[in-house]
Structures are given as structure tokens and as C-alpha cells.
Amino acid sequence: MKPLYLLIEILIILGVTIKNIDAEELNKKLKERNVTTQVSVNEIKRFLSHVLERRKLVKVINKKENFLEKKKSQSKRRIKGIQNKGLLKRNKNHLKTQAKKNFTDEGDELFKMGIKILQQSKSQKQKAEAYLLFAKAADMRNLKAMEKMADALLFGNFGMQNITAATQLYEFLAKEGSCKAQNALGFLSSYGIGMEYDQAKALIYYTFGSAGGSMMSQMILGYRYLSGINVLQNCEVALSHYKKVADYIADKLEKSEGIPVEKVRLTERPENLSSNSEILDWDIYQYYKFLAERGDVQIQVSLGQLHLIGRKGLDQDYYKALYYFLKAAKAGSANAMALIGKMYLEGNAAAPQNNATAFKYFSMAASKGNAIGLHGLGLLYFHGKGVPVNYAEALKYFQKAAEKGWPNAQFQLGFMYYSGSGVWKDYKLAFKYFYLASQSGQPLAIYYLAKMYATGTGVLRSCRTAVELYKGVCELGHWAEKFLTAYFAYKDGDIDSSLVQYALLAEMGYEVAQSNSAFILESKKAKILEKEKMYPMALLLWNRAAIQGNAFARVKIGDYHYYGYGTKKDYQTAATHYSIAADKYHSAQAMFNLAYMYEHGLGIAKDIHLARRLYDMAAQTSPDAHIPVFFALMKLETVHLLRDILFFNQFTIQWKWIKLDNSLGPYWDLFLMGLIVALLIFLLRNRHA
């Protein structure tokens with residue numbers, strides 16, 4: 001624009017200059033006219049014409065000048081307008097930025113409120129209120145709230161499952177850099193749920209998710225490299241992934257006891273599911289409450305422990321836990337005293353952190369020789385809580401508690417020798433105590449054992465052992481809570497929600513989740529996958545569970561190959577899997593199936609003697625197999641008896657009787673007579689009817 005303004009100014013200056021020159025010439029001519037009195041008419045005419053021309057020129061110049069002045073004023077107004085417009089735009093942008101900041105802050109506040117309500121929630125109604133706040137925050141473009149809402153849509157929280165909407169939301173979040181969304185898209189791609197089935201794409205999503213910090217993606221990649229799923233099997237890479245997750249879990253475990261995991265197997269008999277030992281039935285819980293109120297000390301302690309950490313499907317409730325512990329402690333329970341001390345040592349809503357109170361209750365329990373109380377006193381001296389740090393005293397109390405078999409004390413002794421805290425470093429002793437504690441499932445002991453095997457500290461290095469141990473620690477992560485929600489969804493008939501949750505856990509390498517997912521897919525009740533994809537996917541999951549040592553899954557693989565479910569019929573492969581299940585896991589079902597195949601020569605050479613032997617082994621292995629085996633043997637012997645009658649001589653028949661004596665006992669003929677009598681009675685009754 002500057003060249004235009006310059007051009008206008010030049011034109012104005014030129015116009016004024018021309019006007020001044022014309023005026024000077026006119027004045028000069030007038031002077032000459034006054035001085036010269038005698039002029040000719042022609043000269044006057046010429047002068048007049050010249051003046052008229054000059055006037056016309058002046059008018060043109062004036063017109064140009066006015067036009068240029070107008071242009072100049074318009075330009076000034078335009079410049080001022082542009083300046084004002086720029087100012088307005090800057091103000092508008094500032095207001096937009098401020099509004100956006102306020103909008104973001106409000107979204108953050110709503111998200112924080114939702115998280116707080118969710119953490120303190122004890123009912124579905126409160127959880128629903130939390131998700132209502134997440135929805136509002138998500139509407140304000142809060143990414144964390146959007147992640148929560150996407151998860152709710154995927155897993156079907158509060159019955160609002162919508163795979164399509166969840167996928168779209170995850171795709172948007174993935175573009176924004178969300179590692180959780182990357183992990184979710186990898187999971188959906190690996191099963192073909194809401195997306196095209198694509199294992200290569202799933203692997204890419206998991207890789208990006210792990211790079212962004214997703215612990216789930218790290219765990220999934222660890223399992224894939226351990227098992228060689230769509231990647232080359234590589235123990236060292238698996239170790240690297242699992243170690244990162246295990247370090248994260250161990251840090252959480254050092255601050256608390258860890259998350260209890262109730263793993264219900266859906267493959268159990270349906271009548272056992274309603275009263276599963278992993279989940280406390282409501283009626284039984286009410287009965288326990290009744291006994292506790294009546295003064296049953298053991299039940300009081302048990303209910304207190306269940307409420308303390310939220311076990312068996314019960315909500316975590318510190319107030320109820322403290323209530324039952326105090327009742328039991330009043331009745332003289334050393335365990336209750338020690339657990340009250342533990343509550344005050346760690347601190348919670350019902351029992352605020354108080355080292356003096358913790359010391360009091362631990363001492364009361366320790367005086368009764370209680371292992372938990374002795375361990376508690378050891379912790380106070382080891383960390384210097386309420387008392388000066390004294391490693392010698394701590395060691396003394398830990399040793400006493402460890403002698404009584406308390407795994408946490410065994411771990412603490414191992415840690416003292418591992419780190420050289422108050423004692424000389426001794427990796428052999430550290431390994432001994434870690435191993436003892438790990439046998440009782442102490443998670444931190446398992447973690448340190450894995451660490452020792454991974455680095456070859458105090459023990460011969462073993463990548464495979466380290467990975468298996470790290471995997472066990474990783475499976476204690478907060479994501480294991482989905483076992484409980486998936487089970488309750490299944491019980492409530494929400495099959496799709498249950499399947500998605502079990503399938504995610506299966507992808508992370510949980511064997512129970514793999515068999516549960518396969519079981520649900522096999523039933524063909526789910527709607528989120530096409531029917532034709534269910535058997536192949538179920539076979540894949542049964543296979544993964546079988547590799548991890550599930551005998552039932554191994555038999556299932558044999559069944560799928562025998563009947564041609566999700567694969568071609570292959571009797572030879574079926575027999576191979578039945579043989580593995582029978583030899584390695586002593587499965588009665590596998591023995592029975594294998595006996596049937598030997599009897600009929602399906603996929604293997606026909607062998608009646610081996611068939612009889614396997615039938616007998618099945619009956620000896622499981623009481624449930626007695627009746628099926630009895631009928632199978634009766635059928636086998638009857639068929640061969642008829643063949644002898646039809647195709648062989650009398651000598652052969654007599655030999656067969658002797659064989660029957662050996663097979664069914666000396667009184668088989670009495671049994672046959674009884675069977676004939678029963679048959680005659682049946683025929684007579686039908687005749688009279």
C-alpha cells in the first residue's frame with residue numbers, strides 16, 4: 001500500500017506547483033496590459049482567448065486537486081480504519097484466547113471433580129455422576145475426560161456401550177497424541193471390533209502407545225515378544241517391556257499392599273459360578289455379618305480384612321474395617337490388634353496416620369507372639385517412624401516374624417540383605433528370603449527375584465525366568481480390576497461388555513481372560529463380532545491359554561480340530577492335543593476322547609487294548625468319568641461280542657467270555673441277567689399300558 005500513498009502525494013504536489021506557475025504568468029500579463037495602452041484588436045482577441053484557455057486549465061487543475069485531496073482523505077480514513085480493524089482483531093483474538101483458557105480451566109475443574117467423586121464412590125449412582133462430569137468436561141475439549149468417555153463407550157459402563165462412537169473418539173484422541181487412544185485402537189484392530197482386523201496395524205498402534213507412555217501397550221508388546229505373536233520371539237525385548245511395567249507396579253506396591261485380583265473362570269460349571277469362591281455371595285455376606293455381630297471373632301477379623309482392601313467383590317470401606325477390627329481386638333484378637341496398627345501406620349480416612357497409635361497396637365499384638373505385630377514393629381524401627389532408626393531392632397523383629405512364616409517379614413529380611421541396610425550385603429541370603437516370600441505370593445519379593453534373574457545378581461542369569469516373574473508382577477496392575485467388572489457384566493447378561501473387557505485382558509497376556517473370552521465367543525452370544533469370526537477367534541484364544549498351561553484349553557483345541565470348528569477337520573491334530581492334555585495334565589476328558597479315537601481308529605491306528613486302558617485311566621483320574629466310562633466299555637465289549645458271534649467260531653466266543661471276566665469282573669454274567677430282567681419288566685409294563 002505504501003507505493004500508492006506515495007503516488008497520491010506526488011500528484012497533489014504536482015497540481016499545486018502547476019497552479020502557482022499559471023498564477024504568476026497571469027499577473028505578468030495583466031501588468032503588461034496596464035503599461036501598454038495601445039494594442040490592436042487582434043492582440044486583445046488573442047489575449048482573451050489565452051485567458052479563457054488558462055481559466056479552463058485552472059478549472060481542470062482545481063478539479064484534479066479536489067480529486068486528489070478527496071483520495072488523500074479517503075486514504076487516511078482507510079489507513080485509520082485498517083489500524084482500528086487490526087486493533088479490533090487483536091482485541092478479539094485476546095478475548096478468544098481468554099475465553100478458551102477459561103473454557104479449558106473449567107473443563108479441567110470438571111474432570112478433577114469427576115475423578116474425586118469416582119475415587120470416593122461407593123455406588124453406581126455416584127459413579128454415574130462422575131461420568132456426567134466427564135461428559136461435560138469432554139464437551140469442553142478436555143482430552144483426559146474424552147479418554148474416560150471413550151473407555152466408557154467401549155466397555156459399556158452404565159449400559160452405554162457404543163463401539164462406533166468409541167472408535168471415532170479414540171481416532172480423534174490419537175491425532176492429539178493420546179497414548180491411551182493408541183493402545184485402544186491397537187486392541188480394536190487386533191480383534192476386528194469396530195475396525196478392520198489388522199494385526200500389523202495393531203502392532204504399529206501398540207508401538208506408538210508404548211512410546212507415549214502407555215503401560216498397557218508395554219505389557220501387550222512384552223507378551224507378544226515373549227510368545228512370538230506377529231513378531232519374532234525375542235526374550236530380551238520382552239524383558240525390556242515387562243521390566244518397565246514391573247518398575248511402575250513395584251513403585252505403587254511399595255506404597256500399599258497392591259490390588260487384589262479375583263479371577264473367576266467362566267469355564268467352571270454354571271451352578272458353581274453363582275457361588276464362586278472368588279466372589280462372596282450377598283446372602284453369605286449377610287450371614288457373616290450376623291455372626292460377627294453375635295461375637296464371632298474370626299469372622300470379625302475376616303470381614304475387617306475384606307473391607308480393608310476390598311476383596312471378594314466387596315467395596316473398600318475403612319470405617320467398616322476398623323469397626324470389625326476394634327470389636328475383635330476388644331475380644332483379645334492379636335491379628336485384629338496388628339491390623340489396627342497397620343491401618344494407623346499407613347493412614348486412611350477412618351484411621352489418620354499416627355505412629356504412636358500404630359506402635360501401641362503393634363506392641364500389643366507382638367506381646368502375644370503375633371507375626372503381623374512383630375513385622376509392624378520391625379517396620380517402625382527400620383523406617384524410624386515414631387522411634388529412632390534402629391536396624392538391629394528391625395532385623396530382630398523381622399527374623400521373629402519370618403520364623404512364624406509371615407511373607408512380608410521374609411521379604412523385608414531379603415531386602416535388608418539385598419540393599420545392605422544394617423547388615424553386610426549377602427545376595428545368597430537375599431535370594432533365599434525373596435524365594436520364601438514369593439512362594440506365598442508376596443509381589444515385591446517376586447519383583448526382586450525377577451530383578452536378580454534379569455541381571456544375574458546372586459544367581460545364574462535367566463531371561464526366561466526373569467520375564468515370567470516380571471509378568472506375574474505386571475498382572476497386579478490396576479487394570480486387573482476389569483476381571484471383577486467383566487464377571488459382573490457377564491452375570492447381568494451384558495455379554496458384549498464382558499467380552500470387550502476380558503478380550504483386552506487376554507491381549508495383555510492374562511491366561512484366565514483368554515479362556516473366558518474364548519468361552520464367550522464359543523457361545524456365539526456376543527453381537528460385536530460377526531458369527532463367522534467367532535470360532536476362529538475362539539480357537540486362537542484357546543491356543544494362547546493352552547500355551548500358558550491351561551489343560552481345559554488344550555482339550556478344547558483338540559475338540560475344535562475334531563469337529564472342524566474354526567478350522568478344517570483334522571483327527572490327527574486333535575489326537576495330538578488330546579495326548580498332550582492326557583500326558584502332561586492328566587486330563588480325564590482328554591483320556592476319554594483319546595480312548596474313543598483309538599477305539600475307532602480316528603487319526604491314529606486302531607488299538608482296542610489301548611482304548612480300554614485309557615478308558616480305565618479316565619475313570620481312575622476323575623470320579624465324574626465313572627459312568628461315561630462304564631457305558632463306553634459296555635458298548636465296546638458288546639460290539640466286539642456281536643462280531644465274535646457273527647464272524648468267529650464257538651471257541652472264540654468262549655475265549656471272549658473269559659476276556660469279559662477279566663474286563664468286567666467275575667460277576668458280569670449276573671449283571672447281564674439283571675439287565676435282561678430289567679428289560680423284560682420294561683416290556684411287560686409297556687404291554688399292559
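From a predicted model like this one, the values you see are computed outputs, not experimental measurements.

Caption draft 1: Region of the structure containing the packing of helix α24 (residues 511-523) against helix α25 (residues 531-547). Axis separation between α24 and α25 bottoms out at 8 Å; the angle between their running directions is 155°. Here α25 runs roughly antiparallel to α24, going by the angle between their axes. The element α24 and its partner α25 pack so that their crossing is left-handed. Every residue of α25 that contacts α24 at E511, Q514, S515, S517, A518, F519, L521 and E522 is listed here: M534, Y535, M537, A538, L541, W542, R544 and A545. Counted by class, the contact of α24 with α25 contains 10 nonpolar, three polar and three charged residues.

Caption draft 2: Just the environment of G420, in detail. Considering the arrangement of structural elements, one finds G420 in the loop between α18 (407-419) and α19 (427-438). On the basis of relative accessible area, G420 is assigned to the partly exposed category, the value being 29%. Residues G420 and A430, 10 residues apart in the sequence, show an inter-C-alpha distance of 9.8 Å. The residues contacting G420, other than those within four sequence positions of it, are F415 and K425.

Caption draft 3: Focus on the state of the cysteines. Following the criterion strictly, the structure yields one disulfide and no others. The disulfide partner of C235 is C463, and the gap between their sulfur atoms is 2.1 Å. Negative torsions about the S-S bond denote left-handed disulfides, and the value of about -115° found for C235 with C463 makes this one left-handed. Of this pair, C235 sits in helix α9 (residues 235-253) while C463 sits in helix α21 (residues 463-474); the two residues are 228 residues apart in sequence, bridging distant segments of the chain. A residue is classified by how much of its surface remains accessible, and C235, at 25% relative accessible area, is partly exposed.

Caption draft 4: Structural view of the packing of aromatic side chains. One pass over the full model with this rule turns up 34 aromatic pairs. Measuring from centroid to centroid gives 5.3 Å for F592 and Y615, while their planes differ by 65°, and the two rings are edge-to-face. Of this pair, F592 sits in helix α28 (residues 588-600) while Y615 sits in helix α29 (residues 608-621); the two residues are 23 residues apart in sequence, bridging distant segments of the chain. Grouping aromatic residues by their ring pairs yields a cluster made of F382, Y391, F398, F411, F415, Y418, Y427, F434, Y447, Y448 and Y470. Positioned above the aromatic ring of Y397 is the side chain of K396, whose terminal nitrogen or guanidinium carbon lies 5.0 Å from the ring centre. Sitting over the ring of F155, K482 keeps its end group 3.9 Å from the ring centre.

About the thresholds
Residues numbered from 1 in each chain as written. Predicted model: local features only at pLDDT ≥ 70, side-chain atom pairs only at ≥ 80, totals over all residues. Heavy atoms only, no water. Axes fitted to C-alpha atoms, helices over the stretch in contact; angles between N-to-C directions. Helix = DSSP H or I, 4+ residues; strand = E, 2+ residues; numbered from the N terminus. Parallel < 35°, antiparallel > 145°, perpendicular 65-115°, else oblique. Left-handed = near helix turned anticlockwise from the far one by under 90°. Contact = heavy atoms within 4.5 Å. Nonpolar A, V, L, I, M, F, W, Y, C, P; charged D, E, K, R; others polar. Buried < 20%, exposed > 50% of the residue type's maximum accessible area, 1.4 Å probe, protein only. Disulfide = S-S within 2.5 Å. Phe/Tyr/Trp six-rings, centres within 6.5 Å; stacked < 30°, edge-to-face > 60°. Lys NZ or Arg CZ within 6 Å of the ring centre and 35° of its normal.

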